[in-house]
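This is what each chain is made of:
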Amino acid sequence: MNALPYRRQDEAWLLDLLVQPRAARTELAGLHDGRLKLRLTQAPVDGAANTALLDFLARRLKLPRRALALASGDTARRKTVRLHAGVELEPRLAGLTATP
């Protein structure tokens, strides 16, 4: 089993997440069950949590928002995000999982 919550797939990267909506603040919360846990303040209503998720990741990874797309888990807490970028993403993704 892959211990990292991200992997390469052709020209893209996939990032596995466990999302907790309606949290007190938006923040990364470490690894949980092989996925990166992300707490979001937004409620999962009308796609607001998914939009907030992609916006947050784009800012943290310093990527344009158009480089990220939800690959699976549209209505689930377990989600996979596909990242396309013209730069090497592995160091940026590793930075998301690093402990402070």
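Because the structure is a prediction, the values reported are computed rather than measured. (Residues numbered from 1 in each chain as written. Predicted model: local features only at pLDDT ≥ 70, side-chain atom pairs only at ≥ 80, totals over all residues. Heavy atoms only, no water.)

*Asks:* Which parts of the structure should I look at to understand the environment of His-32?
*Replies:* Mapped onto the elements of the fold, His-32 is located in strand E3 (residues 27–32). With relative accessibility at 43%, the residue His-32 sits in the partly exposed group. Residues within four places of His-32 in sequence aside, it is in contact with Leu-18 and Lys-37. (Helix = DSSP H or I, 4+ residues; strand = E, 2+ residues; numbered from the N terminus. Buried < 20%, exposed > 50% of the residue type's maximum accessible area, 1.4 Å probe, protein only. Contact = heavy atoms within 4.5 Å.)

*Asks:* Looking at this structure, how should I read the layout of surface pockets?
*Replies:* The gaps of empty space that remain are located by a probe, the size of a water molecule, rolled over the atoms. By volume, the largest pocket amounts to about 180 Å³. In terms of lining, the largest pocket is formed by 13 residues, of which the most central are Pro-44, Asn-50, Asp-74, Thr-75 and Lys-79. Residues belonging to the lining of the largest pocket are distributed by class as follows: six nonpolar, three polar and four charged. (1 Å grid on protein atoms, 1.4 Å probe; cavity = no way out; pocket = protein on both sides within 12 Å on 5 of 7 lines; lining within 4 Å. Points joined across faces, edges and corners; volume = space filled by probe spheres on them. Nonpolar A, V, L, I, M, F, W, Y, C, P; charged D, E, K, R; others polar.)

*Asks:* Help me understand the packing of helix H1 (residues 48–61) against helix H2 (residues 90–97), please; the structure alone is not making it clear to me.
*Replies:* In a packed pair of helices, the relevant descriptors are the angle between the two axes and the axis-to-axis distance. At a minimum axis separation of 10 Å, H1 and H2 run at an interaxial angle of 115°. Relative to H2, H1 is oriented roughly perpendicular. Once H1 is placed against H2, the crossing between them reads as right-handed. Between H1 and H2, the contacting residues are Leu-57, Arg-60 and Leu-61 on the first element and Arg-92, Leu-93 and Leu-96 on the second. By residue class, the composition of the contact of H1 with H2 is four nonpolar, no polar and two charged. (Axes fitted to C-alpha atoms, helices over the stretch in contact; angles between N-to-C directions. Parallel < 35°, antiparallel > 145°, perpendicular 65-115°, else oblique. Left-handed = near helix turned anticlockwise from the far one by under 90°.)

*Asks:* How do you make sense of the side chain of Lys-37 when you look at a structure like this?
*Replies:* Counting through the fold element by element, Lys-37 comes out in strand E4 (residues 35–39). For Lys-37, the side chain forms a polar contact with the side chain of Gln-20, separated by 3.5 Å. (Polar contact = N/O pair within 3.5 Å; in protein donor to acceptor, adjacent residues only side chain to side chain.)

*Asks:* Explain the confidence of the model for the chain to me, please; I cannot follow it from the model alone.
*Replies:* Looking at the chain, the pLDDT average stands at 92 and 96% of residues meet or exceed 70. Of all helices and strands in the chain, the one with the weakest mean pLDDT is H2 (90), whereas strand E6 (residues 78–83) scores best (98). (pLDDT = per-residue confidence, 0-100.)

*Asks:* Would you mind going over the pairing of E4 with me for this structure?
*Replies:* For a regular strand, side-chain orientation follows a simple rule: the groups alternate between the two sheet faces. Counting buried positions along E4 gives four out of five residues, so the element sits mostly inside the fold. Inspection of the sheet shows strand E2 (residues 12–20) paired to E4 by four bridges, in the parallel sense. The residue of E4 that forms the bridge with Val-19 is Leu-38. Across four bridges, E3 lies against E4 in antiparallel orientation. (Pairing = 2+ DSSP bridges.)

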